[in-house]
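Report on the structure
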Amino acid sequence: MKNRFLTLLILFSFIACKDVSKQHKTEVNTRGTIAEKAMVVSARKEASEIGVQILKLGGNAFDAMMATEMALAVTYPYAGNLGGGGFLVFRLADGTKGALDYREKAPLASTKNMYLDDNGNVIKNLSTVGSMAIGVPGTIAGIFEAQQKYGKLDVKTVLKPVIELANNGFVVTKRQAKRFAAYDSIFNAVNKKQILFNKSIKAGDTIRNKALAHTLQRISDHGRNEFYSGKTAETLVSFLQSEGSIITLEDLKKYEAKWRNPVTFEYDDLTITSMSPPSSGGICLGQIMKMIEPFDLNDYGHNALKTIQVIIEAEKRAYADRSYYLGDPDFVDIPTETLLSDVYLQDRMNNFSFEKPTPSDDLSHGNIVGYESDETTHYSIVDQFGNAIAVTTTLNGAYGSKLYAEELGFFLNNEMDDFSSKPGEPNYFGLIGAEANSIAPEKRMLSSMTPTIVEKEGELYMTVGTPGGSTIITSVLQTILNVHEFGLTMQNAVDAPRFHHQWLPDEIRMEPNGFDDKLIKELEALGYTINLKRSPVIGKVDGILILDNGTLEGGADHRGDDTAVGF
């Protein structure tokens, strides 16, 4: 195990993201929210509070998961959802770990080339906007599967405060009002009318979503199948087909959430458990961390030149492998063991040099013999019983397909774009896909979501995750390293400026105003291309750290309206 400094000698200036009016600064060892027993950290204060309310009623992390996720669907329609999907990684108090895949699926009528024209070119916007972009939603199946297996309370008790929230309304934040205004024209174009969320809404207004309250009440009364075969299902399919969707009642009836074996690997004295395929998060995170482990990052310094070089070069290689090997494990064979093996990863870094970058054009996937959205949302929960969960859920793009089911009160995803519409062509996030992630009926599209739980010397240490599309993996990576290698508090770790490389395009994305001009010039002098405009916000990390005295520190990212609540 590498030596560590317990304190930092340098203060860093932090990002002024597009929703923040002035540059954010933090101080070394500034703690986030502290709680003795339990904590929920999510994108909205109301959702975190409802999660904690359920815990105080005697519920556990899985009960709080259902409540928090549905409260985010009410208060955070940007990414919170009934019409999307997600991934859960958990650690029970007895150390048992697992993962649940409730990722969306391609409809039965899907075809490999459904987004290509007669000349074989990708039809613009068809996989990103409107009814043809929608995958079969998995969120309701996921929260019911987890809660029924591990939860303690009845569903009506769990959903009651969420239904009340939808009926009584939530207060719009400044960030939300700006987003409603920014997306108003596309909402109108896709839906052919003004919807509940529109440019007339101002910060401080209260939105009451009565339609969603009625939908949630039916789900509370009739359970999971209300969404997949009941009145809600019939209403949803009728609406979708009227808009040109190929999703049928059979698609909904056949949907099942699926328990998976998570990806687990070691880094120093940490055991890291993250999501397995069809998420690329766990494998890519493991590859990057194993490739950088031989280097003494602590000695190089936090966000120092050598630290950034090592991480960037490992990221390039992992994302190149991602594009070639990863997809839905029910459809393709994924060489997970080899991709995470020390021998393979040492070979991947053999041509790394501090003297110059390895051009992405010179990097392909590794040779094996025989062989995701900026607009996601993440929440972390640790309950009073010692259970911990990390959940990342999404509609993919902001407000998904932009198609709003008015009678039901929610947006539908545009997850079909996470498939490789045409292998070799970039998707919405600029990620290149290959045959392993091509479209097929009932196949789950590849994702970058990386809900992660970290143990230290066998004990729960951290639960962490973030939205951010293709930047999710690298944001989770840097947050873990900020705590483990550089001694930052959880709050400082999530607030620290971030950088990202995803193999193609061959550029380092860096948050503006977060990095010293001298450092940027040094990277450019070595031959790296720096992009300060592509990702003004890289991730909105929400995490919980277990402190030495057993209390919990919640880190809620300043880049959003994220809030930690505990007791």
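An unreviewed UniProt entry lists the protein chain under the name Glutathione hydrolase proenzyme, with Winogradskyella poriferorum given as the organism. In its Sequence similarities (unreviewed entry) section, the UniProt record describing the protein chain reads: "Belongs to the gamma-glutamyltransferase family." Under the UniProt heading Pathway (unreviewed entry), the note attached to the protein chain is "Sulfur metabolism; glutathione metabolism."

Moving on, we get to helix H2 (residues 61–75). Side chains that are three or four residues apart share a direction in an α-helix, a result of its 3.6 residues per turn. Its 15 residues give H2 an end-to-end C-alpha distance of 20 Å, which sits within 8% of 21 Å, the value for a rise of 1.5 Å per residue. The buried count for H2 comes to 15 of 15 residues, which makes it a mostly enclosed element. Two to three positions downstream of the cap, the backbone nitrogen of Phe 62 sits 3.0 Å from a side-chain oxygen, assigning the N-cap of H2 to Asn 60.

The next subject is the sheet that holds strand S11 (residues 270–274). Strand-to-strand pairing in sheets goes through backbone hydrogen bonds, with the strands running parallel or antiparallel. Taken in spatial order, the seven strands make up an open sheet running S3-S22-S21-S17-S16-S11-S10, and their pairing is antiparallel. The open sheet is flanked by strand S3 (33–35) and strand S10 (263–267), the only strands paired with a single partner. Sheet twist, expressed as the mean angle between neighbouring strand axes with direction ignored, is 20°. Relative to strand S21 (residues 542–546), strand S17 (residues 459–465) runs antiparallel, the two sharing four bridges. For Thr 463, the partnering residue across the bridge sits in S21 and is Ile 544. Its contacts with the sheet place helix H10 (residues 281–292) against S10, S11 and strand S16 (452–456), and it is angled at close to 15° to S10. In this fold helix H15 (residues 472–484) packs onto S10, S11, S16, S17 and S21, with an angle of close to 140° to the strand it touches most, S17.

Position of Lys 152 among the secondary structure elements: in the loop between helix H3 (139–150) and helix H4 (155–168). Sequence spacing of Lys 152 and Ala 47 is 105 residues, and the spatial spacing of their C-alpha atoms is 19 Å. Residues in contact with Lys 152, not counting those within four places in the same chain, are Gly 58, Asn 60, Asp 63, Gln 147 and Phe 385.

Moving on, we get to the pairing of strand S12 (residues 376–382). Counting buried residues in S12 gives seven out of seven residues, a clear majority hidden from the surface. The alternating pattern of S12 places Thr 376, His 378, Ser 380 and Val 382 on one face and Thr 377, Tyr 379 and Ile 381 on the opposite face, and all of these are buried. Sheet topology places strand S4 (residues 39–42) next to S12; three bridges connect them, and they run antiparallel. By the bridge assignment, Val 41 is partnered in S12 with Ser 380. Sheet topology note: the S12/strand S13 (residues 388–394) ladder contains seven bridges and is antiparallel. Bridge assignment links Ser 380 to a residue of S13, and that residue is Ala 390. Here S12 folds back onto S13, and the loop between the two strands holds five residues, one of which, Gly 386, carries a positive phi near 95°.

Reading the values: the criteria
- Residues numbered from 1 in each chain as written.
- Predicted model: local features only at pLDDT ≥ 70, side-chain atom pairs only at ≥ 80, totals over all residues.
- Heavy atoms only, no water.
- UniProt positions renumbered as here; feature names shortened; annotations may be inferred.
- Helix = DSSP H or I, 4+ residues; strand = E, 2+ residues; numbered from the N terminus.
- Expected span 1.5 Å × (residues − 1).
- Buried < 20%, exposed > 50% of the residue type's maximum accessible area, 1.4 Å probe, protein only.
- Polar contact = N/O pair within 3.5 Å; in protein donor to acceptor, adjacent residues only side chain to side chain.
- Pairing = 2+ DSSP bridges.
- Axes fitted to C-alpha atoms, helices over the stretch in contact; angles between N-to-C directions.
- Contact = heavy atoms within 4.5 Å.

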